[in-house]
Amino acid sequence: MPLQADSKDSVEMPGACVLYGRGEIVSSLSALLEKNCISCATIQPDKVHAANGGLDDGALLQKLGKKGASALSDFIYVAPLAMENVFRLRPDRLMELEAESLGECMRIAQALLQLNLEKTPRLWIVTRGAQGPELSNVPHSTLWGFGRSVAAEHAEMRVVRMDMDPARDATAEELLRCMRMAESEDELALRGRETYVPRLRHLTREPKLTAGEESNLRLELKEAGTLEGIENVVV
């Protein structure tokens, strides 16, 4: 359901923030956080990756140390976007993309825990098209599952998942607005000008079939990507 916009003009970060990722959104968000008086540093993935392409835990910890790990309160992971159409990929290539992003995010979470700070930094996972009826990025969906697992095992990290609109490029201002709402939410999806959060809602039961009516039903897919898109249809 849509969430009402927060009246606050900034996001609460008691310490320093580190942004990890590629692209214009990373540099723009970093500048915007600095403008809001939040100390923010960026880490380019290429600077902490090993020769085999995977993230190097030691290099990341070293970078965090140089960025002032003792004052770190938030780590924002902007998941990389695949340059390929995921719905046309072979299963083995799709699994490879999932493993790359999932492995990278897992090592980041492990590195944050290895810092052994008095207060574990909050981990933000930023995806695009990973949730909802407009689901278009299957590899990013696995990051939401991973984030929920970490949140269950390490509640002190308070993992926040944010999904950007796959229909267009999100701006730094929109991402910051979404982050403001995360003070009381840990799963948010930005679609158009609305920010959605998961909620249970009452389901209106369909009227029972009366005697003499056809009682044979079949499940029919009306809309892909959501359970609500599956309907009972009288045969």
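Residues numbered from 1 in each chain as written. Predicted model: local features only at pLDDT ≥ 70, side-chain atom pairs only at ≥ 80, totals over all residues. Heavy atoms only, no water.

## Quick look at the overall build of the protein
Move 1: Summing up its helical and strand segments, the protein has five helices and nine strands in all.
Move 2: The order of helices and strands in the protein, counted from the N terminus, is β-α-β-α-β-α-β-α-β-α-β-β-β-β.
Move 3: Long-range contacts, defined here as pairs at least 24 residues apart, represent 65% of the contacts in the protein between residues at least 6 apart.
Move 4: When the accessible surface of the protein is summed, it comes to about 13700 Å², and 51% of that surface belongs to carbon and sulfur atoms. (Helix = DSSP H or I, 4+ residues; strand = E, 2+ residues; numbered from the N terminus. Contact = heavy atoms within 4.5 Å. Areas by Shrake-Rupley, 256 points an atom, 1.4 Å probe, with all protein chains shown as cover.)

## With respect to the packing of aromatic side chains
Move 1: All chains considered together, the criterion is met by two aromatic pairs.
Move 2: Through a chain of ring-to-ring contacts, three or more aromatic side chains come together here, namely Y20, F75 and Y77. (Phe/Tyr/Trp six-rings, centres within 6.5 Å; stacked < 30°, edge-to-face > 60°.)

## Thoughts on the side chain of S101
Move 1: Looking at where S101 falls in the secondary structure, it is placed in helix α3 (residues 91–114).
Move 2: Given a relative accessible area of 5%, S101 falls into the buried group.
Move 3: Only 3.3 Å separates the side chain of S101 from the backbone oxygen of E98, close enough to count as a polar contact. (Buried < 20%, exposed > 50% of the residue type's maximum accessible area, 1.4 Å probe, protein only. Polar contact = N/O pair within 3.5 Å; in protein donor to acceptor, adjacent residues only side chain to side chain.)

## Section: the sheet that holds strand β5 (residues 160–164)
Move 1: Reading across from one edge, β2-β1-β3-β4-β5-β6-β7 is the order of the seven strands in this open sheet, with mixed pairing throughout. The sheet is open, and its two borders are formed by β2 (40–43) and β7 (194–196), each paired with just one other strand. On average, each strand axis in the sheet is tilted by 20° relative to the strand beside it, whichever way the strands run.
Move 2: Where strand β1 (residues 16–20) and strand β3 (residues 72–78) come together, five bridges link them in parallel fashion. From the neighbouring strand, Y20 faces β3, where its bridge partner is Y77. (Pairing = 2+ DSSP bridges. Axes fitted to C-alpha atoms, helices over the stretch in contact; angles between N-to-C directions.)

## Regarding the packing of α3 against helix α4 (residues 138–153)
Move 1: The geometry of α3 relative to α4 is characterised by a closest axis approach of 8 Å and an angle of 35° between their N-to-C directions. When the axes of α3 and α4 are compared, the crossing they make is right-handed. Only V138, P139, T142, L143 and F146 of α4 make contact with α3, whose side of the interface consists of L94, L97, E98, S101, L102, C105, M106 and A109.
Move 2: Across the contact of α3 with α4, the residue classes break down as 10 nonpolar, two polar and one charged. (Left-handed = near helix turned anticlockwise from the far one by under 90°. Nonpolar A, V, L, I, M, F, W, Y, C, P; charged D, E, K, R; others polar.)

## Some details on the nonpolar core
Move 1: Within the largest apolar cluster, 27 residues are counted, with the highest numbers of intra-cluster contacts made by L29, L33, I76, W124, M162 and M179.
Move 2: Considering each element in turn, this core owes the most residues, five residues, to helix α5 (residues 172–180).
Move 3: Excluding its chain neighbours within four sequence positions, the residues that come into contact with M179 are V11, M13, L29, I76, W124 and M162.
Move 4: If you look at the next biggest cluster of nonpolar residues, it comprises 25 residues, including Y20, F75, A109 and L115. (Core = buried A, V, L, I, M, F, W, Y, C linked by side-chain atoms within 4.5 Å.)

## Remarks on the side chain of N137
Move 1: Inspection of the secondary structure puts N137 in the loop between β4 (122–128) and α4.
Move 2: In this structure N137 comes out as buried when scored by relative accessible area, which is 7%.
Move 3: Within polar-contact distance, the side chain of N137 engages the backbone oxygen of R128 at 3.2 Å.
Move 4: Setting aside anything within four residues of it in sequence, one finds N137 in contact with L81, V86, R128, G129 and A130.

## Points about the pairing of β2
Residues in a regular strand point their side chains to alternate faces of the sheet.
Move 1: In terms of strand pairing, β1 meets β2 through four bridges, oriented parallel. Across the sheet, C17 pairs through a bridge with C40, a residue of β2.
Move 2: Traced from β1 through helix α1 (residues 24–35) to β2, the parallel crossover comes out right-handed. (Right-handed = clockwise from strand over helix to strand, strands pointing away.)

## Notes on a nonpolar patch on the surface
Move 1: Together, L219, L221, L227 and I230 line one region of the surface with nonpolar side chains, adding up to about 470 Å² of accessible area.
Move 2: Along the polypeptide, L221 turns up in strand β8 (residues 217–221). (Patch = residues over 30% accessible without salt bridge, like charges linked within 9 Å, V, L, I, M, F, W, Y side chains within 5 Å. Salt bridge = Lys/Arg side-chain N within 4 Å of Asp/Glu carboxyl O.)

## Examining α4
Every α-helix carries 3.6 residues per turn, so stepping three or four residues along brings you back to the same face.
Move 1: Over its 16 residues, α4 runs 24 Å from end to end, which matches the ideal 22 Å to within 8%, given 1.5 Å per residue.
Move 2: Packed against the buried residues of α4 are β3, α3, β4, β5 and β6 (187–191). (Expected span 1.5 Å × (residues − 1).)

## Remarks on the pattern of salt bridges
Move 1: All told, the structure shown has 12 salt bridges when counted by the stated rule.
Move 2: Between D74 and R122 there is a salt bridge, and its shortest N-O distance comes to 2.6 Å. Here D74, found in strand β3, pairs with R122, found in strand β4; they are 48 residues apart in sequence, far enough to count as distant.
Move 3: A relative accessible area of 10% means that R122 is categorised as buried.

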